[in-house]
Amino acid sequence: MSEQSSATELHFCIVTDDISRTTEWLTSLLGAPLPAIEDGPRPNLHQEYRGDVVDDEFRQVYFIWRGVGIELIQPGPRPSSWRSHLERFGTGIHHIGVRGGDTPETGEELTRMGHAIVHQGGSDAGSFAYFDTTSELGVLLELVTDVSRR
């Protein structure tokens, strides 16, 4: 992977069963403004989890604190990597996300190294793919591509 141009190119994600509670607790601890929670279905977002189409709603928060991206996700009831993590481990870090233009090449390299894609999706705005890097990092690695950055 190439060196990232700024800390906002990297984020970590926590899955939680109560995004309102977790967001309020974390922003209070950090002294950060309370961000809006995105609810409801994502128009035109296609997702696959372990090869099956995922059609589920989820709640999400994303904010930047001191140059670090922080994402919180509350999964819906249907199967997803988020739901699986929450059921297995409870609230906690689900993935480290990397945003960058070299995503296709990096993804191919991760696959060659034996790290399968477990959850992926995309829309007109961009795409994401979670690779199973738990044997190396203890969490998934997300590669994000923004259409606006191509």
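Below you will find a few notes about this structure. (Residues numbered from 1 in each chain as written. Predicted model: local features only at pLDDT ≥ 70, side-chain atom pairs only at ≥ 80, totals over all residues. Heavy atoms only, no water.)

This next bit is on the overall build of the protein. In terms of regular secondary structure, the protein is built from four helices and nine strands. Along its sequence from the N terminus, the protein presents helices and strands in the succession β-α-β-β-β-β-α-β-α-β-β-α-β. Within the protein, the proportion of its 150 residues that are buried is 45%. For the protein, contacts bridging at least 24 residues in sequence account for 58% of all contacts bridging at least 6. (Helix = DSSP H or I, 4+ residues; strand = E, 2+ residues; numbered from the N terminus. Buried < 20%, exposed > 50% of the residue type's maximum accessible area, 1.4 Å probe, protein only. Contact = heavy atoms within 4.5 Å.)

Let's shift gears to helix α2 (residues 81-89). Turn by turn, an α-helix covers 3.6 residues, leaving residues three or four places apart pointing in a common direction. Of all the residues in α2, the buried ones are S81, W82, R83, H85 and L86. A positive phi of about 80 degrees marks G90, the residue just after α2.

Here we take up the pairing of strand β4 (residues 58-65). One ladder, built from eight bridges, connects β4 with strand β5 (residues 68-75); its direction is antiparallel. Looking across to β5, one finds that F58 is bridged to P75. Connecting the antiparallel pair β4 and β5 is a turn made up of two residues, with R66 showing a positive phi of about 50 degrees. (Pairing = 2+ DSSP bridges.)

Under the defined criterion, the tally for this structure stands at three aromatic pairs. Measuring from centroid to centroid gives 6.3 Å for W82 and Y130, while their planes differ by 80 degrees, and the two rings are edge-to-face. In this pair, W82 is assigned in helix α2 and Y130 in strand β8 (residues 126-131), connecting sequence segments 48 residues apart. One exposure class covers both W82 and Y130, and it is buried. Aromatic side chains F128 and Y130 sit 5.3 Å apart centroid to centroid with 50 degrees between the ring planes, which places their arrangement in the tilted category. Residue Y130 is classed as buried on the basis of its relative accessible area, which comes to 2%. Through a chain of ring-to-ring contacts, the aromatic side chains of F58, W82, F128 and Y130 assemble into a single cluster. (Phe/Tyr/Trp six-rings, centres within 6.5 Å; stacked < 30°, edge-to-face > 60°.)

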